[in-house]
Amino acid sequence: MEAIIKINLDGLVFDCHTSGDKKDPMILFLHGFPETAFMWKPLMKAFAQKGYYCVAPNQRGYSGGACPKGKKHYRIDSLVADVLGFAKALNKSQFHLVGHDWGAVIGWNVVYHYPDKILSWTALSVPHMQSFGKAMTTDPEQKKMSQYIKDFQLPFLPEMRIMKNDLKLFKRLWKYHSKEETTYYLKVFRNRNQLTAALNYYRANYKLLKSAKKGQILGEIDVPTLFIWGNKDIALGKAGVDGTPQFMKNDYQFVELEAGHWLIQTQYEKIKTYIIEFIDQN
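Thresholds, definitions, all that
- Residues numbered from 1 in each chain as written.
- Predicted model: local features only at pLDDT ≥ 70, side-chain atom pairs only at ≥ 80, totals over all residues.
- Heavy atoms only, no water.
- Helix = DSSP H or I, 4+ residues; strand = E, 2+ residues; numbered from the N terminus.
- Rg over C-alpha atoms; globule rule 2.2 N^0.38 Å.
- Buried < 20%, exposed > 50% of the residue type's maximum accessible area, 1.4 Å probe, protein only.
- Contact = heavy atoms within 4.5 Å.
- Areas by Shrake-Rupley, 256 points an atom, 1.4 Å probe, with all protein chains shown as cover.
- 1 Å grid on protein atoms, 1.4 Å probe; cavity = no way out; pocket = protein on both sides within 12 Å on 5 of 7 lines; lining within 4 Å.
- Points joined across faces, edges and corners; volume = space filled by probe spheres on them.
- Nonpolar A, V, L, I, M, F, W, Y, C, P; charged D, E, K, R; others polar.
- Core = buried A, V, L, I, M, F, W, Y, C linked by side-chain atoms within 4.5 Å.
- Salt bridge = Lys/Arg side-chain N within 4 Å of Asp/Glu carboxyl O.
- Phe/Tyr/Trp six-rings, centres within 6.5 Å; stacked < 30°, edge-to-face > 60°.

A.B. asks: Would you mind going over the overall build of the chain with me for this structure?
C.D. replies: Counting its regular elements, the chain contains 12 helices and eight strands. Relative to a compact globule of 282 residues, whose C-alpha radius of gyration would be 19 Å, the chain shows 17 Å and is just as compact. Seen along its three principal axes, the alpha-carbon backbone of the chain occupies a region of about 45 × 40 × 35 Å. Expressed as a percentage of the 282 residues in the chain, the buried residues total 57%. Pairs at least 24 apart in sequence give 75% of the contacts found in the chain among residues at least 6 apart. Carbon and sulfur atoms form 51% of the exposed surface of the chain, whose accessible area is close to 12800 Å².

A.B. asks: Looking at this structure, I do not really get helix α1 (residues 41-49). What am I missing?
C.D. replies: Because an α-helix packs 3.6 residues into every turn, residues spaced three or four apart end up facing the same way. Looking only at α1, the buried set comprises L43, M44, A46, F47 and A48. Along its buried surface, α1 packs onto β2 (12-19), β3 (26-30), β4 (53-57), α11 (263-266) and α12 (268-281). In the segment just after α1, G51 is the residue with positive phi, at about 100°.

A.B. asks: What is the right way to look at the layout of surface pockets in this model?
C.D. replies: Empty space left among the atoms is revealed by rolling a probe the size of a water molecule over them. Volume-wise, the largest pocket comes out at about 990 Å³. Lining the largest pocket we find 36 residues, and of these Y148, L173, I234, A235 and W262 sit closest to its centre. Among the secondary structure elements, those contributing two or more residues to the lining of the largest pocket are α3 (102-113), α4 (129-138), α5 (140-145), α6 (147-151), α7 (157-173) and α9 (192-210). In terms of residues, the lining of the largest pocket owes the most to one element, α7, which gives eight residues. Class assignment of the residues belonging to the lining of the largest pocket gives a composition of 25 nonpolar, five polar and six charged. Put simply, the second largest pocket is a space of about 200 Å³. Along its surface, the second largest pocket is lined by M1, A3, I5, T18, G20, K22, Y53, A89, L90, N91 and K92. The residue inventory of the lining of the second largest pocket, partitioned by class, reads six nonpolar, three polar and two charged.

A.B. asks: What am I meant to see in the nonpolar core here?
C.D. replies: Soluble globular proteins: nonpolar side chains tend toward being buried together. Residues F33, W40, L97, I106 and F189 are the most contacted members of the largest nonpolar core, which totals 95 residues. Look past the residues within four positions of I106 in its chain and what remains in contact with it is L30, Q59, I76, L79, V80, V83 and Y201.

A.B. asks: Quick question: what am I supposed to make of the pattern of salt bridges here?
C.D. replies: For side chains of opposite charge, pairing can occur when their charged atoms come near one another. Under the criterion given, the structure shown has nine salt bridges. With a closest N to O distance of 3.9 Å, K41 and E2 form a salt bridge. A residue pair is termed long-range when its members are at least 10 positions apart, and K41 in helix α1 and E2 in strand β1 (residues 2-9) qualify at 39 residues. Exposure remark for E2: the relative accessible area of 47% places this residue in the partly exposed category. A salt bridge links R190 to D166; its shortest N-O distance comes to 2.7 Å. Here the residue R190 occupies a position in the loop between α8 (179-189) and α9, and D166 occupies one in helix α7, the gap between them amounting to 24 residues. The exposure class of R190 is partly exposed, given its relative accessible area of 44%. The partly exposed category is assigned to D166, whose relative accessible area is 34%.

A.B. asks: When you look at the packing of aromatic side chains in this model, what are you seeing that I'm missing?
C.D. replies: The relation between two aromatic rings is expressed through the spacing of the ring centres and the mutual angle of the planes. Under the counting rule described, the total for this entry stands at 22 aromatic pairs. Centroid distance Y62 to Y201: 5.8 Å. Interplanar angle 85°. Geometry classified as edge-to-face. One end of the pair, Y62, is in the loop between β4 and α2 (76-89); the other, Y201, is in helix α9, and 139 residues separate them in sequence. For the pair Y62 and Y201, one class covers both residues: buried.

A.B. asks: In this structure, what is going on with empty space enclosed by the protein? I would like to understand it.
C.D. replies: Counting across every chain of the model gives one cavity of 30 Å³ or more. Lining the largest cavity, in full, are I76, W102, V105, N109, M129, N205, L208, L209, I217 and L218. Among the elements of the structure, α3 and α9 are those that each provide at least two residues to the lining of the largest cavity. A breakdown of the residues in the lining of the largest cavity according to their chemical character gives eight nonpolar, two polar and no charged.

Note that all results are geometric; they support no functional claim without further evidence.
Right under this line is the structure:
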């Protein structure tokens, strides 16, 4: 059964896509930028048929009722707290976690700080955050790839550029996405407040990422982990990927695909197979 439910966390109301029987083990899916929970719908339906309760929230800023103003509300600790709040609201003491892009950034932090709550962790595209942060500040290739993050630190101008010609910049990014998916995204990002909220993920956590060069921002991961990366990703290079295994204390599986950043849209069957096999093991 598919449905959209609302979860209230301290006055913030999140729209959450669900699929399956809530009595089954839960898989929580975290989307990235610039997407929403809609990206997970095909996988959720497939996984529900395998006996899992699938939940994908439109995260903080992406849900109209959970879009506080000010970048301080988008610090990583608040984003992590939301994930724990979703699980608590759904009466799930443990769950499988899957994240892509910013969803992976949040997920790495969740599994590091709260390993006892995680049955398995699947990261798509984004490597371990300590490894990525170090690569972003020391590796020439990743520095170049991450220039857009630095550009997002400017106020107002990124919003103006993105909204120009009815989000033409984003539409170009969504060339592999279905018409239905793109239509859903446009409704979110045409809202200036929600676009700013999405950019505030970058603004609120930029200094933290840069600090990885000087010290540890995230340590060893002690949960079963599957990491899937496309070697043609224009935003996430090899240096961060290569540095990830040193932080893995538990079972670690790595899959490199001949693909770019949009793994769900371009490698759906492979992604589905890899994740289901991994989660079934755990």
